[in-house]
Amino acid sequence: MKARKVLLLFSTILLLALSAGFNFFVYNLVYSSPIESVEIPLTTRIYDDRDQLLAVRYIENRLEIPLEEIPVPVLKATLAIEDHRFYQHRGFDLSGFGRALINNLKQKRFSQGGSTITQQLAKNLYLSNDRTLIRKIKEAAYTIRLEHSYDKDEILERYLNTIYYGHSAYGIEAAARTYFAKSTAELSLAEAALLAGLPKGPAYYSPFINPEAARERQKNVLQAMNRAGYITAQEKEKAQAENIDYREPAQQGQASYFVDYLINIELARYFNNSTDDIYRSGLEIYTTLDASMQQAAEEVVARIPRQRIDPQGCCQPQGALVALDPTNGFIKALVGGRDFSESQLNRVFSRRSPGSAFKPFVYAAALEEGKKATTTYLCEPLSLEEPSAGKPYEPTDYGGGFHNRELTIREAIASSCNLVAIKTFLDIGPEKTVEMASRLGILSPLNGYYSLPLGTAEVSLLELTAAFAPFANGGTRVEPVAIRRVVDSKGNILLENRPCRKKVLDEKVAFILTDMLTGVLAEGGTAEKAGPILHRPAAGKSGTSHAGINAHMIGYTPELLAGLYIGDDFEQPLGTTGGELAAPLWAEFMENALAGETPREFPLPPGVVRKTICPHSGLLQSPNCKGHGKEEYFIAGTAPTEECSFLTCPHCPHDSWWPWLPDRFRRQP
């Protein structure tokens, strides 16, 4: 008897100890420490220059909003279909669980879960979807902790910002934008009911995939709202009859090369080369891109004539186009290839030989050194000893010939004469051209080889195009800018870019060079095919690399600067030139991009004078000259002061200097 009492006492003490230990364990699990914070991935949104949505990037497409910004119909629809006793229970609804159990037994399958909103939030935040006993125990523990740590409004807000609605939309705001292209605050009762019904089966009830099932589920939600007393029968019937306008989710292929550049180059620098932070931080990225210009650029690159399919299945030749505002460097369009899904190589940043598109830097340096648009050089065979080469360098013009006459540098740049470019380069000194190109924005290494004027040094399309900006804007270098500002999910400005400008070229030199480059697009110029397409003042330079592997066209108006590259990724010859292939496509882009803009002339800066000169002598045209005079621009103080005469011009009468001679002694040319 005594032994029994001892055993009973021992058992009681052991039971109490186990109970205390279990209670201590539960207390520590549920109450003693604060519930761990969970970082919920947010959607990063990218906007164009007019603050219109351009693209989204995310791990989970989510846009968090506070509960007070969620309209009442959305709240009531969610509570009615998911947990209408949410504000009465403490995380568990035994009556709801009982109803679900009875229905499951009747149907002999697991058709209803009976989980409360808090239980669903616990599972979404901390657990997997496994249907195991251990997972259910953990879910119960987290449910208790959530109810202990947050009030009901906070739990409902977190639920509505985390639940999955299908089509990559997490949270009610992302769902509203995905299905209806509007914010949550703009949702009607019918739309709110449809969205509230999606979490049960996002794929099955998707209005994009199964519209009939979606409408039936919406009907169930409206009936639940009516039963709960949230809406009247008339409101229910009106919502059921409403015709809903669905919007397909935004395509992520738009401006793909530009967005890829933003994330992997521009923003990666700011986030220490971590793109994961960009995809999950809910950033608002405001860019410089013009959506209409971007579309025009993509259409032009897509229209590059196709020649072959390469071993990787990509169409060749490929192309790239970049457009900048020459006044501030803002990138207005950027296309790195025909199709981003086919090839992710961004050819805007690939280094290629620009060919004759490099020559403007030679002539800008020459003008700065005192040469004039009327300065002449003889185009003739030339043999140069290159110290590092094993044989003399003997350049020719395109096609292997020579002009065999004196050319002004204006004529030389329009016809892209190689010999005059090299002679000018040597006359002013190779270092002058290297310095000029670097000063204007060429960042790639340059050498002083005799072939440099012909564009043998490889440069990227972006740096080449940006280096033309000082010609277009009156001498100011502008750094390319793709991002205006970046704002975090809390509204803090993380990054804000301002135009970076630096005066690098005299505006008079810039204007005269620009005027010379207008001749490239005129009749007889290498890019003359662009002239009839572009109906506004423009200047530019085409370029073809050695053996016709690369074709370029870089050009501008006062409002827009654009560069187009065309070439085979495997360096197969194009069989044509930059003027024949790239220039017309460049002109099409410029014409479409500037549609609706009033054409503007390049402004004449102070210190530039216009004179009528004799094209044969380069002197002022004499009143007696019977030839056709030509208008030419000069920097003030450099224009010729002497008039042409029979000694310098074949169109001047030989005896015009002796007016006293009788007519019978006068000789006409």
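The preceding data block contains the structure.
I will try to describe carefully the structure that is included in this document. Since the model is a prediction, treat every value here as computed from it, not as a measurement. (Residues numbered from 1 in each chain as written. Predicted model: local features only at pLDDT ≥ 70, side-chain atom pairs only at ≥ 80, totals over all residues. Heavy atoms only, no water.)

Moving on, we get to the overall build of the protein chain. Along the backbone of the protein chain there are 21 helices and 23 strands. When each of the 669 residues of the protein chain is scored for burial, the buried share is 50%. Residue pairs at least 24 apart in sequence account for 67% of intrachain contacts in the protein chain once pairs closer than 6 positions are excluded. About 32,000 Å² of surface is accessible on the protein chain, with carbon and sulfur atoms providing 52% of the total. (Helix = DSSP H or I, 4+ residues; strand = E, 2+ residues; numbered from the N terminus. Buried < 20%, exposed > 50% of the residue type's maximum accessible area, 1.4 Å probe, protein only. Contact = heavy atoms within 4.5 Å. Areas by Shrake-Rupley, 256 points an atom, 1.4 Å probe, with all protein chains shown as cover.)

Quick look at the pairing of strand S2 (residues 53-57) now. The element S2 is largely enclosed, with a buried count of four among its five residues. Sheet analysis places strand S1 (residues 44-47) next to S2, joined by four bridges and oriented antiparallel. Across the sheet, the residue bridging to threonine 44 is arginine 57, located in S2. What sits between the antiparallel neighbours S1 and S2 is a turn of five residues, in which aspartate 51 has the positive phi angle 65°. (Pairing = 2+ DSSP bridges.)

This brings us to helix H9 (residues 211-227). The end-to-end C-alpha separation of H9 is 24 Å, in line with the 24 Å expected for 17 residues at 1.5 Å each. All of the buried residues along H9 are Ala213, Ala214, Arg217, Gln218, Val221, Leu222, Ala224 and Met225. Looking at the buried positions of H9, the neighbouring elements they touch are helix H2 (72-82), helix H8 (189-196) and helix H10 (233-241). Positive backbone phi, at 85°, marks glycine 229, one or two positions downstream of H9. (Expected span 1.5 Å × (residues − 1).)

Before going further, it helps to spend a moment on the side chain of glutamine 316. In this fold, glutamine 316 is placed in strand S8 (residues 315-316). At 3.4 Å, the side chain of glutamine 316 forms a polar contact with the backbone nitrogen of glutamine 318. In this view, glutamine 316 contacts Arg306, Gln307, Arg308, Asp310, Gly567, Asp568, Asp569 and Phe570; residues no more than four positions away in its chain are not counted. (Polar contact = N/O pair within 3.5 Å; in protein donor to acceptor, adjacent residues only side chain to side chain.)

Turning our attention to the packing of helix H14 (residues 359-368) against helix H20 (residues 507-521). Two elements in contact, H14 and H20, have axes whose closest approach is 10 Å; the angle formed by their N-to-C orientations is 135°. Between H14 and H20, the crossing angle belongs to the class labelled oblique. Note on packing geometry: the crossing formed by H14 with H20 is right-handed. In this structure, H14 uses Pro360, Tyr363, Ala364, Leu367 and Glu368 to contact H20, whose residues at the interface are Val509, Ile512, Leu513, Met516 and Leu517. Counted by class, the contact of H14 with H20 contains nine nonpolar, no polar and one charged residues. (Axes fitted to C-alpha atoms, helices over the stretch in contact; angles between N-to-C directions. Parallel < 35°, antiparallel > 145°, perpendicular 65-115°, else oblique. Left-handed = near helix turned anticlockwise from the far one by under 90°. Nonpolar A, V, L, I, M, F, W, Y, C, P; charged D, E, K, R; others polar.)

With that settled, consider the nonpolar core. Counting residues in hydrophobic clusters, the biggest one holds 120 residues, and the most contacted among them are Phe361, Trp586 and Phe589. Residues within four places of phenylalanine 589 in sequence aside, it is in contact with Met293, Ala296, Ala297, Val300, Leu321, Ala323, Ala333, Leu560 and Ala562. Listed in part, the 49 residues of the second largest apolar core include Leu187, Tyr205, Ala214 and Leu222. (Core = buried A, V, L, I, M, F, W, Y, C linked by side-chain atoms within 4.5 Å.)

The next thing to look at is unusual backbone geometry. Here the amide bond leading from glutamine 316 into proline 317 is cis, since omega sits at 0°, within 30 degrees of zero. One can find proline 317 in the loop between S8 and strand S9 (318-324). The phi torsion at asparagine 404 lies on the positive side, around 55°, for a residue other than glycine. By secondary structure assignment, the location of asparagine 404 is in the loop between strand S12 (376-378) and strand S13 (406-408). When its relative accessible area of 52% is taken as the criterion, asparagine 404 is described as exposed.

So, on to the environment of leucine 79. Note on placement: leucine 79 falls in helix H2. On the basis of relative accessibility, which here comes to 9%, the residue leucine 79 falls in the buried class. Separated by 38 residues in the primary sequence, leucine 79 and isoleucine 117 place their C-alpha atoms 8.3 Å from one another.

Let us look at the packing of aromatic side chains. A complete count under the given rule lists 16 aromatic pairs for this structure. Ring geometry for phenylalanine 361 against phenylalanine 468: centres 5.7 Å apart, planes inclined by 80°, an arrangement best described as edge-to-face. Highlighted residues: phenylalanine 361 in helix H14 and phenylalanine 468 in the loop between helix H18 (461-466) and helix H19 (469-473), separated in sequence by 107 residues. In this pair, the class of phenylalanine 361 matches that of phenylalanine 468, namely buried. Three or more aromatic residues link up through ring pairs in this structure, and these residues are Tyr179, Phe180, Phe208 and Tyr246. Note that lysine 152 overlies the ring of phenylalanine 86, its terminal NZ or CZ placed 4.3 Å from the centroid. (Phe/Tyr/Trp six-rings, centres within 6.5 Å; stacked < 30°, edge-to-face > 60°. Lys NZ or Arg CZ within 6 Å of the ring centre and 35° of its normal.)

Take the side chain of glutamine 318 next. Mapped onto the elements, glutamine 318 comes out in strand S9. A polar atom in the side chain of glutamine 318 sits 3.0 Å from the backbone oxygen of cysteine 315. Apart from the residues lying within four places of it in its own chain, the contact partners of glutamine 318 are Ile304, Gly337, Arg338, Glu342, Arg347, Tyr565, Ile566, Gly567 and Asp569.

Next up on the list: the sheet that holds strand S19 (residues 539-544). Read from one edge of the open sheet, five strands run S10-S9-S21-S20-S19, paired in antiparallel fashion. In this open sheet, the two edge strands, each paired with only one partner strand, are strand S10 (331-335) and S19. Ignoring strand direction, the axes of neighbouring strands in this sheet form an average angle of 5°. Packing of H20 onto the sheet brings it into contact with S19 and strand S20 (550-556), and relative to S19 it is tilted by some 60°. Each of S9, S10, S19, S20 and strand S21 (561-567) is contacted by helix H21 (residues 578-593), which is oriented at about 40° to S20, the strand it contacts most.

Among the surface-exposed residues, Leu133, Ile134 and Ile137 lie close enough to one another that they form a single nonpolar patch of about 330 Å² accessible area. On the secondary structure map, isoleucine 134 appears in helix H5 (residues 133-149). Accessibility expressed as a relative area gives 53% for isoleucine 134, which makes it exposed. (Patch = residues over 30% accessible without salt bridge, like charges linked within 9 Å, V, L, I, M, F, W, Y side chains within 5 Å. Salt bridge = Lys/Arg side-chain N within 4 Å of Asp/Glu carboxyl O.)

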